[in-house]
Amino acid sequence: MLKTAVALSTLALFAGAAQAQNKTLTISVYAFAQDEYKEMLYAPFEQKCGCKLVIETGNSVERLAKMEANKANPVIDMAVVSMADALQASRAGLVDRIDTAKLANHDKLYDLAKDPNGDGMSVGYTFYATSIVYRSDKMKIESWADLLKPEIVSHVAFPNVTTNQGPPALYMLEQAMGKDSPDFREAIAAVGAKKDDIVTFYVKSSQLVQLMQQEEIWAAPIGRFSWAPFTKLGLPLAWATPKEGQTGGMNVMIVAKGSKNRDLALQFMDYWLSTEVQTKLAEKLVDSPANKEVKIPPEVAENITYGADTVKSLKLIPSAVALDQRDAWLKAWNSKVGQ
Amino acid sequence: MFHNRTEALLLALPAAVFAAVVFLVPVAILLSESFRSPAGWSLAAYAGFFSEPLNQTVFWRTLKLGLEVTAVSAVIGYAAAFAIVSLPPGSKGRMIGLIMLPMMVSPVARTYAWIVILGRTGIVNQALHGLGLTDAPVRILFSETAIFIGLLQLFLPLMIISLISALENLPKDVVPAARVLGANWLQIFWKVVLPLTREGLVIGGTLVFTGSLTAYITPAILGGSKVLMLETLLYQRVTVANDFVSASVIALILVAMSFSTNLLLKRIATARAGT
């Protein structure tokens, strides 16, 4: 009898373990910093849940196209995308409402990240500020409009409208010009009028470090995540705090509609939002924390977007505006700048 | 070489099936999108594309730049290939190695190098200033000129290699024979060398032109978005506007431009051969 009980218990134990090993969660993420994510997020989570993570990477367009193609039979369980892409996925019926009651760490998030699009379909996990890096020995930047001043404009690299930093920079320029048109009509016209003076409209922020080093440029709007390499150049560079404030962007988590592993996806999201994981990722300069309980040393905070005051000062472009105006921005930009 | 035609076809079958499955089928599906409209099959997307003044400008700019790069590559390529085939075998191998060397470096790295060379504090501006030709730095970077230079450097080796291969098949005595008969160097090139090396020119020209049309990173970095090209426009349509129909239209235009140039080069070379 005892032998039978032991045998059955052992069998149940192995069966449980085998079942756990069979659990698979497929996530779709940016290709960025995968080694760090593996070490600080994926591997510890696999150990914790006794499951296997399948990681799919690519840019937003590719990944959303794949979700759309597999809409009837979802392959992806959860994905991380930009705020605007999350709204696009929501409008296309690709995502499900997030049951925040199952996210123990949801209350620890800054308000900005709790429901970024106001539709209950996404949760922010990281964000970044966008401001201006500039040579403090050559100029003083007090406003976004300073970028177009005659004595400065011929030393400026401006982000192309197709980059993540393009629309935010135009958004702040529009505000600095005292306008608030969602199509950025005034800002694009102003940039177009100076297109021959502006050094370049960059497509990759990595390009700027070289241009700054060669003294080809003295100022450029950038995301805070690009700031660290500039500090290593040994040049007198400063991060501007323009009077109109800073803008930026946020990346969010979504759950695929029809996911067969919805609870596991929520467990994974909750783990990613935990103070422990967000702190590790911030310390390695991978993600700026959306969890307000994260505490990091000042030298780390200097290189990311950190702190309640910074978060409060961010003026993000509403996702609906970004999505609805994307085509109009591109058209106006091409006719004024790319012509 | 093969016992019969069937055997040759069987050997080619795996490669043909692979190419069809991973390339032809997806491309055909993608391109078919550009002929669809709510009312059925139509050319509306093409008409819409060419009705926009911006697209017309970008189309002509891309075509012009591609032809310029191809023409200049052919001129420089013939000179370089002539010089190389006349070298002794050892030196010839070393020179071909040197020409191939840049092709082993990523186009991104090669493009970034031009930022150093063409910048305000770069070698070109330093030389111009040193020679007293300019007082202030000349803006070369982020212009059509910069894209031209970048594309030329990127694709010139393909032209040189194609022409070396063609010139090596040129009978050794035709050039001396033409000289003896009183032809000058221009006549020798136009009436003897060009017709006999037309295959190399067509292959090299097609590679350079197609490469120039489809390169993305060089126009994007060296043009700095001030100079929009078809390939940068295609990238925008896909990544920003999510407009796959417009992107398919641009892709098909690029393919048509490559085929047309190939045919044009063949026609020119054949016409020369007939003279």
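Residues numbered from 1 in each chain as written. Chains lettered and ligands numbered in written order. Predicted model: local features only at pLDDT ≥ 70, side-chain atom pairs only at ≥ 80, totals over all residues. Heavy atoms only, no water.

**Brief notes about the pattern of salt bridges**
Phase 1 of the analysis: A complete count under the given rule lists 22 salt bridges over all chains for this structure.
Phase 2 of the analysis: Residue Glu293(A) pairs with Lys108(A) through a salt bridge whose shortest N-O separation is 4.0 Å. With Glu293(A) in the loop between helix 12 (275-283) and helix 13 (298-301) and Lys108(A) in the loop between strand 4 (95-96) and helix 5 (111-114), this residue pair connects regions lying 185 residues apart in the sequence.
Phase 3 of the analysis: Its relative accessible area of 24% is what places Lys108(A) among the partly exposed residues.
Phase 4 of the analysis: When salt bridges with common partners are traced through the structure, they connect Arg61(B), Lys64(B), Glu68(B) and Glu144(B) into a single cluster. (Salt bridge = Lys/Arg side-chain N within 4 Å of Asp/Glu carboxyl O. Helix = DSSP H or I, 4+ residues; strand = E, 2+ residues; numbered from the N terminus. Buried < 20%, exposed > 50% of the residue type's maximum accessible area, 1.4 Å probe, protein only.)

**Examining the pairing of strand 5 (residues 123-135) of chain A**
Residue and element names in this part refer to chain A.
Phase 1 of the analysis: With respect to burial, strand 5 is a largely interior element, 13 of its 13 residues being buried.
Phase 2 of the analysis: Pairing of strand 5 with strand 8 (residues 219-223) involves 5 bridges; the strand directions are antiparallel. When the bridges of strand 8 are listed, Thr130 appears paired with Gly223.
Phase 3 of the analysis: Pairing geometry for strand 5 and strand 9 (residues 237-239), over 3 bridges, is antiparallel. Directly across from Val133, in strand 9, lies its bridge partner Trp239. (Pairing = 2+ DSSP bridges.)

**A short note on the confidence of the model for chain A**
Residue and element names in this part refer to chain A.
Phase 1 of the analysis: On average, residues of chain A score 90 in pLDDT, and 93% of them are at 70 or above.
Phase 2 of the analysis: Mean pLDDT across the elements of chain A ranges from a minimum in helix 1 (residues 2-22), with 46, to a maximum in helix 11 (residues 262-273), with 97.
Phase 3 of the analysis: Contacts from residues 1-20, a stretch scored under 50 in pLDDT, to residues over four places away or in other chains number 2 contacts. (pLDDT = per-residue confidence, 0-100. Contact = heavy atoms within 4.5 Å.)

**Details of the nonpolar core**
Phase 1 of the analysis: Formed by 114 residues in total, the largest nonpolar core has its most connected members in Tyr37(A), Phe45(A), Leu208(A), Ile222(A), Phe230(A), Phe268(A) and Trp272(A).
Phase 2 of the analysis: Ignoring any residue separated from it by four or fewer positions in sequence, one finds Phe268(A) in contact with Leu25(A), Ile27(A), Leu41(A), Tyr42(A), Phe45(A), Leu53(A) and Met78(A).
Phase 3 of the analysis: Of all hydrophobic cores here, the second largest spans 39 residues; its members include Leu173(A), Ala190(A), Trp218(A) and Ala241(B). (Core = buried A, V, L, I, M, F, W, Y, C linked by side-chain atoms within 4.5 Å.)

**Some points on empty space enclosed by the protein**
Gaps between atoms show up when a probe of the same size as a water molecule is rolled over them.
All names here are of chain B.
Phase 1 of the analysis: Scanning all chains against the criterion turns up 1 cavity of 30 Å³ or more.
Phase 2 of the analysis: Roughly 80 Å³ of internal volume is contained in the largest cavity.
Phase 3 of the analysis: Listed by contribution, the elements that provide at least two residues to the lining of the largest cavity are helix 11 (217-223) and helix 12 (230-239).
Phase 4 of the analysis: By residue number, the principal contributor to the lining of the largest cavity is helix 12, which donates 3 residues. (1 Å grid on protein atoms, 1.4 Å probe; cavity = no way out; pocket = protein on both sides within 12 Å on 5 of 7 lines; lining within 4 Å. Points joined across faces, edges and corners; volume = space filled by probe spheres on them.)

**Details of helix 8 (residues 185-193) of chain A**
Phase 1 of the analysis: Considered for burial, the residues of helix 8 of chain A that qualify are Ala187(A), Ile188(A), Ala190(A), Val191(A) and Gly192(A).
Phase 2 of the analysis: Where helix 8 of chain A is buried, its residues meet strand 6 (157-159), helix 7 (166-176), strand 7 (200-202) and helix 15 (319-338) of chain A.

**So, the packing of helix 3 (residues 53-85) of chain B against helix 12 of chain B**
Residues and elements named next belong to chain B.
Phase 1 of the analysis: Running from N to C, helix 3 and helix 12 point in directions that differ by 135°, and their axes come no closer than 9 Å. Between helix 3 and helix 12, the angle falls in the class oblique. Listed contacts from helix 12 to Asn55, Val58, Phe59 and Thr62 of helix 3 are Leu230, Glu231 and Leu233.
Phase 2 of the analysis: When the residues that make up the contact of helix 3 with helix 12 are grouped by side-chain class, the tally is 4 nonpolar, 2 polar and 1 charged. (Axes fitted to C-alpha atoms, helices over the stretch in contact; angles between N-to-C directions. Parallel < 35°, antiparallel > 145°, perpendicular 65-115°, else oblique. Nonpolar A, V, L, I, M, F, W, Y, C, P; charged D, E, K, R; others polar.)

**A short note on unusual backbone geometry**
The bulk of non-glycine residues show a negative phi, and the bulk of peptide bonds are trans.
Phase 1 of the analysis: We note that Phe184(A) has phi near 55°; this positive angle belongs to a residue other than glycine.
Phase 2 of the analysis: Note that Phe184(A) resides in the loop between helix 7 and helix 8.
Phase 3 of the analysis: By relative accessible area, which is 2% here, Phe184(A) ends up buried.
Phase 4 of the analysis: Despite not being glycine, Phe142(B) shows a phi value in the positive range, around 60°.
Phase 5 of the analysis: Positionally, Phe142(B) belongs in the loop between helix 6 (123-130) and helix 7 (144-168).

**So, the state of the cysteines**
Residues and elements named next belong to chain A.
Phase 1 of the analysis: One pass over the structure, following the stated rule, counts 1 disulfide over all chains.
Phase 2 of the analysis: Shown here is the disulfide that connects Cys49 with Cys51, its sulfur atoms set 1.8 Å apart. Disulfide Cys49-Cys51: torsion about the S-S bond near -75°, hence left-handed.
Phase 3 of the analysis: Looking at Cys49, the relative accessible area reads 12%, which means it is buried.
Phase 4 of the analysis: Residue class for Cys51 comes out buried when judged on its relative accessible area of 4%. (Disulfide = S-S within 2.5 Å.)

**What about the interface of chain A and chain B?**
Phase 1 of the analysis: Contacts between the two partners involve 29 residues from chain A, matched on the other side by 29 residues from chain B.
Phase 2 of the analysis: When chain A packs against chain B, the two sides together hide about 2600 Å² of surface, and 50% of this comes from carbon and sulfur.
Phase 3 of the analysis: Joining chain A to chain B, the criterion identifies 3 salt bridges.
Phase 4 of the analysis: Note that Asp327(A) and Arg237(B) form a salt bridge whose closest N and O atoms lie 3.6 Å from each other.
Phase 5 of the analysis: For the side of chain A that touches chain B, the elements supplying multiple residues, two or more each, are strand 7, helix 9 (206-213) and helix 15 of chain A.
Phase 6 of the analysis: Counted by class, the side of chain A that touches chain B contains 8 nonpolar, 13 polar and 8 charged residues. (Buried area = accessible area lost by both parts, 1.4 Å probe.)

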